[in-house]
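Residue strings, one per chain:
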Protein chains: 4
Amino acid sequence: MTQTDAATGVTPLTDLSEHSYIANQTKGQYLKRLRRIEGQARGLQRMVEEEQYCIDILTQVSAMTKALQGLGLGLLDEHMAHCVVNAARQGGPEAEQKLKEASDAIARMVRS
Amino acid sequence: MTQTDAATGVTPLTDLSEHSYIANQTKGQYLKRLRRIEGQARGLQRMVEEEQYCIDILTQVSAMTKALQGLGLGLLDEHMAHCVVNAARQGGPEAEQKLKEASDAIARMVRS
Amino acid sequence: MTQTDAATGVTPLTDLSEHSYIANQTKGQYLKRLRRIEGQARGLQRMVEEEQYCIDILTQVSAMTKALQGLGLGLLDEHMAHCVVNAARQGGPEAEQKLKEASDAIARMVRS
Amino acid sequence: MTQTDAATGVTPLTDLSEHSYIANQTKGQYLKRLRRIEGQARGLQRMVEEEQYCIDILTQVSAMTKALQGLGLGLLDEHMAHCVVNAARQGGPEAEQKLKEASDAIARMVRS
C-alpha cells in the first residue's frame with residue numbers, strides 16, 4: 001500500500017488515502033482473526049452435523065458473536081483514528097459525511 | 001441419527017433422545033445457514049486483503065453478526081420446544097437443570 | 001393474589017393462573033430494582049441538566065441498560081419456570097403459544 | 001451555560017468548553033426523552049405491582065432498553081461531532097485520549 005518512490009525516496013501522499021486506514025501490521029492481525037472466525041463457522045457445522053448438544057452449540061455461537069464484535073470494534077477504532085480524524089482536520093462537508101457514516105456504523109453495531 | 005432398526009422396522013427410542021432436538025429437515029437448513037456465514041467470513045477476509053473501505057467492512061460485520069444471532073435464536077427455539085418441554089413434563093431436578101442451562105444460554109446471547 | 005375462599009377453605013384454581021408467575025417474595029425485589037432504575041433515569045436528567053461530561057453520562061446510560069437487561073432476564077427466568085413449564089405439562093395449542101411468546105420475547109431482548 | 005458577558009457583549013471562551021457539547025436546543029430534547037424513560041420505569045413498577053402478564057412486562061422492558069440505546073447513540077453523536085472533532089483538530093495526546101474514551105464508551109454500548 002505504502003510505497004516509497006524509488007527515484008525520490010519520498011513516500012507519496014496516497015499514503016494518507018482512506019484506504020491506508022488498516023496499517024500493514026494490523027492487517028495481518030485482522031486476517032488472522034477472520035480466519036479463526038471462519039474456523040468457528042466450520043466447527044459449528046461439524047457440531048450440527050454430529051448433532052451435538054444444543055446448549056454447547058449455542059455457547060459456540062455466543063463465542064463467535066463476541067469474536068465478531070471485537071473485530072468490528074477494532075476496525076471502528078482504526079477508522080476513527082484515521083479517516084474520521086483526517087476528515088475532522090480538513091473540515092467541511094467531507095467531515096460531516098465521515099461522522100455520519102461512523103455514527104450509522106456504530107448504531108448498526110449497537111443494535112445487532 | 002434416527003435409524004430404523006433393519007430387522008424390526010421399529011424406530012428405536014433413542015429417536016426421542018436429547019440429541020434428536022434438531023429435526024432432520026431443519027438440520028439441513030442450519031448447515032446451509034452456517035455455510036453462508038462461513039462464506040461471509042471469507043468475504044470479509046477478501047475485503048480486508050483488498051483494503052476495501054472500512055465502513056463497508058463494518059456493514060458486513062454487522063450483517064454477519066445478525067445472521068449468527070438469527071441462527072442462535074432458531075437453535076434456542078428448537079431446544080426449548082424439545083429438550084425444555086420434555087424435561088418440564090418429566091419434572092424433577094432434570095427439569096430444573098434444563099431451565100437453568102437455557103437461562104444461561106439466553107443471558108449469554110442477550111449480553112453478546 | 002392467592003386467596004383462600006373463606007367459605008370452602010379451598011385455594012381457588014386461579015392460584016395457578018398465569019398472573020401468579022411473580023412469587024410474592026421476588027415481586028418486592030423487582031419493585032426495588034425498578035425503583036433503582038427509575039433513580040438512574042433521574043440521575044441522568046441531573047447530569048444532562050448540569051452539562052456533565054458526555055462520556056460520564058454515557059457510562060451511566062450503559063450501566064442503566066445493563067440493569068434493565070438483568071431485570072428482563074430475571075423476569076424471563078421466572079416466566080419460563082412457571083408459565084412455560086405449566087403450559088408444557090398441559091401440552092396442546094396453549095403450550096405452542098406460550099413457547100412462541102417466549103421465543104418472541106427472547107428475540108426482542110437479543111436484538112435490543 | 002453559555003452566558004454573554006453583560007459588560008462586553010462577548011460570549012466568553014468557555015462557550016467552547018467541552019461542557020457545551022450539548023447544545024441548548026438539544027439539551028431540552030434529551031431531558032424530555034429522559035423524563036419519558038423515567039415514566040417507563042414507573043409504568044413497569046405499576047405493571048409488576050398489578051402482576052400483569054410477564055410477556056407484556058418484557059415487551060415494555062425491551063422498549064425501554066431501545067429508548068435508552070437511542071439516547072446513548074444520540075449523545076455519542078454529539079460528543080463525536082464536538083469533543084472528538086475539536087480534539088482531532090488540536091492533535092497531540094489530548095486527541096489520543098478523546099479517541100480512547102470514545103472507543104471505550106462505544107465498546108460498552110455494543111456489549112450491553
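This write-up is about the structure you can find in this document. The structure displayed is predicted, hence computed values, not measured ones. (Residues numbered from 1 in each chain as written. Chains lettered and ligands numbered in written order. Predicted model: local features only at pLDDT ≥ 70, side-chain atom pairs only at ≥ 80, totals over all residues. Heavy atoms only, no water.)

**Let's talk about helix 1 (residues 24–49) of chain D**
Basically, it comes down to this: A run of H or I in DSSP becomes a helix once it reaches four residues, and a run of E becomes a strand once it reaches two; helices and strands are each numbered from the N terminus. Given the number of residues in a helix, its expected span is that number minus one, multiplied by 1.5 Å.
Taking 1.5 Å of rise per residue, the 26 residues of helix 1 of chain D would be expected to cover 38 Å, and the 38 Å separating its terminal C-alpha atoms lies within 8% of that figure. In the segment just after helix 1 of chain D, Glu51 of chain D is the residue with positive phi, at about 50 degrees.

**Brief notes about the side chain of Glu101 of chain C**
This is how it is decided: Three labels apply to residues, based on accessible area from a 1.4 Å probe with only protein chains included: buried if under 20% of the type maximum, exposed if over 50%, partly exposed otherwise in between. Under the convention used here, Asp and Glu are negative, Lys and Arg are positive, and both His and the chain ends fall outside the count. The working definition used for a salt bridge is a side-chain nitrogen of Lys or Arg within 4 Å of a carboxyl oxygen of Asp or Glu. Any two residues whose heavy atoms approach within 4.5 Å are treated as being in contact.
Its location among the elements puts Glu101 of chain C in helix 3 (residues 92–111). Although buried, Glu101 of chain C forms no salt bridge, and the nearest oppositely charged side chain, Lys98 of chain C, lies 4.1 Å from it. Those residues in contact with Glu101 of chain C that lie beyond four places of it in its chain are Tyr53 and Ile55 of chain D.

**Quick notes on the environment of His79 of chain C**
With respect to the element layout, His79 of chain C can be found in helix 2 (residues 54–90). Separated by 51 residues in the primary sequence, His79 of chain C and Gly28 of chain C have C-alpha atoms spaced 16 Å apart. Aside from chain neighbours lying at most four places away, what touches His79 of chain C is Val84 of chain C together with Tyr53, Cys54 and Ile55 of chain D.

**Here we look at the pattern of salt bridges**
By the definition in use, this model includes 20 salt bridges over all chains. Where Glu49 of chain C meets Lys27 of chain D, a salt bridge forms, and the shortest distance between an N and an O atom there is 3.9 Å. Note that Glu49 of chain C is positioned in helix 1 (residues 24–49) and Lys27 of chain D in helix 1, a pairing that runs across two chains. A residue is classified by how much of its surface remains accessible, and Glu49 of chain C, at 46% relative accessible area, is partly exposed. The partner of Arg42 of chain D in a salt bridge is Glu38 of chain D, and the shortest N-O contact between them spans 2.8 Å. Within this pair, Arg42 of chain D and its partner Glu38 of chain D are both found in helix 1, separated by 4 residues, close to a single helical turn. In this structure, a network of salt bridges that share partners links the residues Glu38 and Arg42 of chain A together with Glu38 and Arg42 of chain B.

**Focus on the relation of the copies chain D and chain C**
Stated formally: Superposition of the copies was done by least squares, using only C-alpha atoms of residues whose pLDDT is at least 70 in both.
For the match of chain D to chain C, the screw axis carries a shift of 0.0 Å, the RMSD comes to 0.0 Å, and the turn is 180 degrees. Such a combination of turn and shift is consistent with a two-fold rotation axis. Across chain D, the rotation axis passes nearest the C-alpha of Glu38 of chain D, at a separation of 2.7 Å. Most of the interface of chain D is mirrored in chain C, where 100% of its interface residues are also at the interface.

**Description of the interface of chain D and chain C**
Rule in force here: Each of two parts loses accessible area, computed with a 1.4 Å probe, when they are put together; buried area is these two losses added. Think of it as three bins: nonpolar holds Ala, Val, Leu, Ile, Met, Phe, Trp, Tyr, Cys and Pro, charged holds Asp, Glu, Lys and Arg, and polar takes everything else, Gly as well.
Contacts between chain D and chain C engage 49 residues on the former and 49 residues on the latter. Summed over the three residues of chain D that lose the most area to chain C, namely Glu51, Tyr53 and Ser112 of chain D, the buried surface amounts to 16% of that side. Linking chain D with chain C are 6 salt bridges. Residue assignment for the side of chain D that touches chain C shows that the elements contributing at least two residues are helix 1, helix 2 (54–90) and helix 3 (92–111) of chain D. When residues in the side of chain D that touches chain C are grouped by element, the largest group, 18 residues, is from helix 2 of chain D. When its residues are assigned to classes, the side of chain D that touches chain C shows 25 nonpolar, 12 polar and 12 charged.

**Points about the packing of helix 2 (residues 54–90) of chain A against helix 3 (residues 92–111) of chain A**
Helix-helix packing is described using two parameters, namely the angle between the two axes and the distance between the axes. All names here are of chain A. Counted only if it meets this: Think of each axis as a best-fit line through the C-alpha atoms, taken over the contacting stretch in the case of a helix, with angles from 0 to 180 degrees between the N-to-C directions. Roughly parallel here means an angle under 35 degrees, roughly antiparallel means over 145, roughly perpendicular means 65 to 115, and every remaining angle is called oblique. In this scheme the crossing of two helices becomes right-handed for a clockwise turn of the near helix relative to the far one and left-handed for an anticlockwise turn of less than a right angle.
Interaxial distance between helix 2 and helix 3 falls to 9 Å at its minimum, and their mutual angle equals 165 degrees. Viewed along their axes, helix 2 and helix 3 adopt a mutual orientation that is roughly antiparallel. Where helix 2 crosses over helix 3, the two elements pack in a sense that is left-handed. Contacts between helix 2 and helix 3 pair Gln69, Gly72, Leu73, Leu76, Cys83, Val84, Ala87, Ala88 and Gln90 from the former with Gly92, Glu94, Ala95, Lys98, Leu99, Ala102, Ile106 and Met109 from the latter. Looking at the contact of helix 2 with helix 3 residue by residue, the class counts come to 11 nonpolar, 4 polar and 2 charged.

All quantities given are derived from atomic positions and should not be read as evidence of function.
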